[in-house]
Amino acid sequence: MQHPCLRCGACCAYFRVAFHWSEAEAFLGGNVPPELTEKLDPHRLAMRGTNAAQPRCVALQGTVGEAAHCGIYPQRPSVCREVQPSWEFGTISPQCDKARLAHGLPVLTPEDWLDPFDAGEPPLPQSA
């Protein structure tokens, strides 16, 4: 089963990706490539391309809805790490649903997470 996010990329082409500047400062432990960011205000940076009327993160590679992925996935900002795809862990993600609908993609369902070898069992809900 291929992860549904590897066919999507809608969140990377819908939301402004803003985060604290320290995430791009190597001497503070940050790992977001600074050359892919732009200054928003004294405290925040944004991924280039996301502070636009029609956002698209500079790190997004591929075609939204077909084959898309983050080119800096291990180095992505914390806000990107916080976005969960709908139903991956048994719950809806309003952010995921909103971005997918804005790009004309259907929202994810529990069935999108079924492995063909899993005898039709949906994912279990996340425990608190």
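Residues numbered from 1 in each chain as written. Predicted model: local features only at pLDDT ≥ 70, side-chain atom pairs only at ≥ 80, totals over all residues. Heavy atoms only, no water.

Considering the overall build of the chain
Inclusion rule: In DSSP terms, a helix is any run of H or I states spanning at least four residues, a strand is any run of E spanning at least two, and both are numbered starting from the N terminus. Buried means the residue's accessible area, taken with a 1.4 Å probe over protein chains only, is under 20% of the maximum for its type, while exposed means over 50%, and partly exposed covers the values in between. Pairs of residues are marked as contacts when any of their non-hydrogen atoms sit within 4.5 Å. Areas reported as accessible are Shrake-Rupley estimates using a 1.4 Å probe. Residue values count occlusion only from the protein chains shown.
Looking only at helices and strands, the chain has two helices and five strands in total. The order of α-helices and β-strands along the chain, N terminus first, is β-β-β-β-β-α-α. Across the 128 residues in the chain, those meeting the buried criterion constitute 30%. Once local pairs closer than 6 in sequence are excluded, the contacts in the chain between residues at least 24 apart make up 54%. Of the roughly 7,800 Å² of accessible surface on the chain, a fraction of 56% belongs to carbon and sulfur atoms.

With respect to the side chain of R76
Put simply, the rule is: Charged residues are defined here as Lys and Arg on the positive side and Asp and Glu on the negative side; His and the ends of the chain fall outside this count. Within this document, salt bridges are pairs made up of a side-chain nitrogen of Lys or Arg and a carboxyl oxygen of Asp or Glu, the two lying within 4 Å of each other. Whenever two N or O atoms come within 3.5 Å, that pair is a polar contact, provided that in protein one can donate a hydrogen and the other can accept it, and provided that, for residues adjacent in sequence, both atoms are side-chain atoms.
On the secondary structure map, R76 appears in the loop between β5 (67–70) and α1 (78–82). Notably, R76 is buried but unbridged: the nearest opposite-charge side chain belongs to E88, and the N-O separation is 8.8 Å. Engagement of the side chain of R76 in a polar contact is seen with the backbone oxygen of Y73, the distance being 2.7 Å. Residues contacting R76, with those up to four places away along its chain left out, are V32, C70 and R81.

Overview of the pairing of β5
Look at any regular strand and the pattern is simple: side chains alternate between the two faces of the sheet. Counted only if it meets this: Paired strands are those between which DSSP finds at least two bridges.
Here four bridges tie strand β4 (residues 60–63) to β5, and the two strands are oriented antiparallel to one another. Paired with L60 across the two strands is C70, which belongs to β5. Hairpin remark: β4 followed by β5, antiparallel, with three residues in the connecting loop; positive phi at G65, about 85°.

Considering the sheet that holds strand β2 (residues 37–39)
Convention followed: As a rule, the C-alpha atoms of each element are fitted with a line to give its axis, helices using only the stretch in contact, and angles between N-to-C directions run from 0 to 180 degrees.
Read across the open sheet, the three strands follow the order β1-β3-β2; overall the sheet is antiparallel. Edge positions in the sheet fall to β1 (18–20) and β2, since each has one partner strand and no second. Each strand of the sheet is rotated relative to its neighbour by a mean of 40°, with strand direction disregarded. Pairing geometry for β1 and strand β3 (residues 44–47), over three bridges, is antiparallel. Pairing of A18 across the sheet is with A46, part of β3.

A closer look at unusual backbone geometry
With phi around 70°, W87 is a residue other than glycine that occupies positive phi space. Here W87 is to be found in the loop between α1 and α2 (94–102).

Some details on the packing of aromatic side chains
Using the following cut-off: Side-chain rings of Phe, Tyr and Trp (the six-membered ring for Trp) are treated as a pair once their centres are within 6.5 Å; stacked means planes under 30 degrees apart, edge-to-face means over 60, and tilted covers the remaining angles. We count a charge as sitting over a ring when the NZ of a lysine or the CZ of an arginine lies within 6 Å of the ring centre and within 35 degrees of the ring normal.
All chains considered together, the criterion is met by one aromatic pair. For the pair Y14 and F15, a centre-to-centre distance of 4.9 Å together with 85° between the ring planes defines the contact as edge-to-face. Residue Y14 is classed as partly exposed on the basis of its relative accessible area of 28%. Across from the ring centre of Y73, 3.8 Å away, lies the NZ or CZ of R76, which sits over that ring.

Quick word on the nonpolar core
As a reminder, the rule being used: Note on terminology: a nonpolar core comprises buried Ala, Val, Leu, Ile, Met, Phe, Trp, Tyr and Cys residues joined through side-chain atoms within 4.5 Å.
Grouped together as the largest cluster of nonpolar side chains are 13 residues, with contacts concentrated most on F19, V32, M47, C57, A59, L60 and I72. Setting aside anything within four residues of it in sequence, one finds F19 in contact with V32, T37, H43, R44, L45, A46, M47 and P77.

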